[in-house]
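# Geometric and topological summary
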Amino acid sequence: MIYTDMHCDTLTVCTENGLSLADCNSQTSLKKLKESNCAAQCFAIFTDGEGAALSFEKYLAYYKQNVAKLKHIAAPIENYGDILQCKDGDKVGCILTVENLGFIGDDLSQIDRLKNEGVKMASLVWNNKNQFAVPNLVFENGVPQFETRVDEGLTALGKAAVERLDYDKIIVDISHLSDGGARDILNGRKTPVVASHSNAQKILNVCRNLSDELIKKIADCGGVIGVNFCKDFLGEPAFGFAFKHIRHIINTGGEDVIALGSDFDGIPVNTELPDCTAVPKLLHYLKDNGISARTMEKFAYKNFFRVFKEVCG
């Protein structure tokens, strides 16, 4: 079965280490993705802290350079038709995303530029407060407080940024966003959003995982949640806990809300899911444990394809 992954940090790893996206020892590469039958991979440009704007330019240039060189295996995704070609073809679709919009400052016209550069998904914040929002993770003396949830909402600029993302047909990603910020976006919303790499709080009580309230709100707007493979948010053993998160999210929000968002190359190596070549084994495990063929297809790729078509066109 083909699949689509909504989040990886491979672009950061490859850029910083001068590695090719095609074939390297990272958790994800184009060669490994092709081997695992991945139809489309979201490659995140991640930036944070001082020099973030320069880092964005560096990562963007590296992404473009690699995709241009690797036309035999990689195909940039600009629209829904491109995704369908990758679904039925022999190339891995490459979807450009941004994790943490803080680098654009207060110049929301930069979101227009992101659209022009081919960015299809973006989140407002990572683990540090910025001009748009606060994260869902609190640190005390450098120690993450995984069970503390954050109710503070978006700033006025953050709300304006969401409106600009919607206008530019860029998918809004609420992973890492505070509960209050997520509610600000989701209350009364009709356009789908995603939580590109988040799990269920009821299965593992950490703030990076979504409450049932938020799962339902994401489902209500037609959005999707990408199950994250990080053991701190997933639990161990990986296959068994992935099944628990998926089943709970389906039971809470329905089968149209579930998707895959590995967070490969942003997480420690997981024994059962060391890299993307293990994804087919996970899909077989889910099938063997009672996830129906219809739900499996929705989880693996159909739900994300639907959101991409509705938002990006």
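Our structure is the block above this text.
Residues numbered from 1 in each chain as written. Predicted model: local features only at pLDDT ≥ 70, side-chain atom pairs only at ≥ 80, totals over all residues. Heavy atoms only, no water.

Within the structure shown, the criterion is met by eight aromatic pairs. When the centroid spacing of 4.8 Å and the interplanar angle of 70° are considered together, the rings of Phe-46 and Trp-126 count as edge-to-face. Here Phe-46 is found in strand β2 (residues 38-46), whereas its partner Trp-126 is found in the loop between β5 (119-123) and β6 (138-140), with 80 residues between them in sequence. Residue Phe-46 is classed as buried on the basis of its relative accessible area, which comes to 18%. Over the aromatic face of Phe-233 sits the side chain of Arg-208, whose NZ or CZ is 5.1 Å from the ring centroid. The ring of Phe-241 carries Lys-244 above its face, with NZ or CZ at 4.4 Å from the centroid. (Phe/Tyr/Trp six-rings, centres within 6.5 Å; stacked < 30°, edge-to-face > 60°. Helix = DSSP H or I, 4+ residues; strand = E, 2+ residues; numbered from the N terminus. Buried < 20%, exposed > 50% of the residue type's maximum accessible area, 1.4 Å probe, protein only. Lys NZ or Arg CZ within 6 Å of the ring centre and 35° of its normal.)

Tallied over the full model, the rule gives 19 salt bridges. With its nearest N and O atoms 4.0 Å apart, the salt bridge here joins Asp-275 to Lys-32. With Asp-275 in the loop between β11 (258-260) and α11 (279-288) and Lys-32 in helix α2 (residues 30-35), the pair connects residues that are 243 residues apart, well separated along the chain. Exposure class is identical for Asp-275 and Lys-32. Each is buried. A salt bridge links Glu-213 to Arg-183, with the nearest nitrogen and oxygen atoms 3.0 Å apart. Linking Glu-213 in helix α8 (residues 212-220) with Arg-183 in helix α7 (residues 179-186), this pair joins segments that are 30 residues apart in sequence. Exposure remark for Glu-213: the relative accessible area of 34% places this residue in the partly exposed category. A relative accessible area of 22% places Arg-183 in the partly exposed class. The structure contains a network of salt bridges with shared partners spanning Glu-57, Lys-64, Arg-113 and Glu-117. (Salt bridge = Lys/Arg side-chain N within 4 Å of Asp/Glu carboxyl O.)

What follows is about the state of the cysteines. What we call a disulfide is simply a covalent bond connecting the sulfur atoms of a pair of cysteines. Using the criterion set out here, one finds zero disulfides in the structure. The cysteine Cys-38 is free of any disulfide, with Cys-276 supplying the nearest cysteine sulfur at 7.2 Å. (Disulfide = S-S within 2.5 Å.)

Looking now at the packing of α7 against α8. It is at 10 Å that the axes of α7 and α8 come closest, and there the two elements cross at 25°. It follows from the interaxial angle that α7 and α8 lie roughly parallel. The crossing of α7 and α8 is left-handed. Contacts from Asp-179, Ala-182, Arg-183 and Leu-186 in α7 reach Glu-213, Leu-214, Lys-217 and Ile-218 in α8. For the contact of α7 with α8, the residue count by class is four nonpolar, no polar and four charged. (Axes fitted to C-alpha atoms, helices over the stretch in contact; angles between N-to-C directions. Parallel < 35°, antiparallel > 145°, perpendicular 65-115°, else oblique. Left-handed = near helix turned anticlockwise from the far one by under 90°. Contact = heavy atoms within 4.5 Å. Nonpolar A, V, L, I, M, F, W, Y, C, P; charged D, E, K, R; others polar.)

Keep in mind these numbers describe shape, not what the thing actually does.
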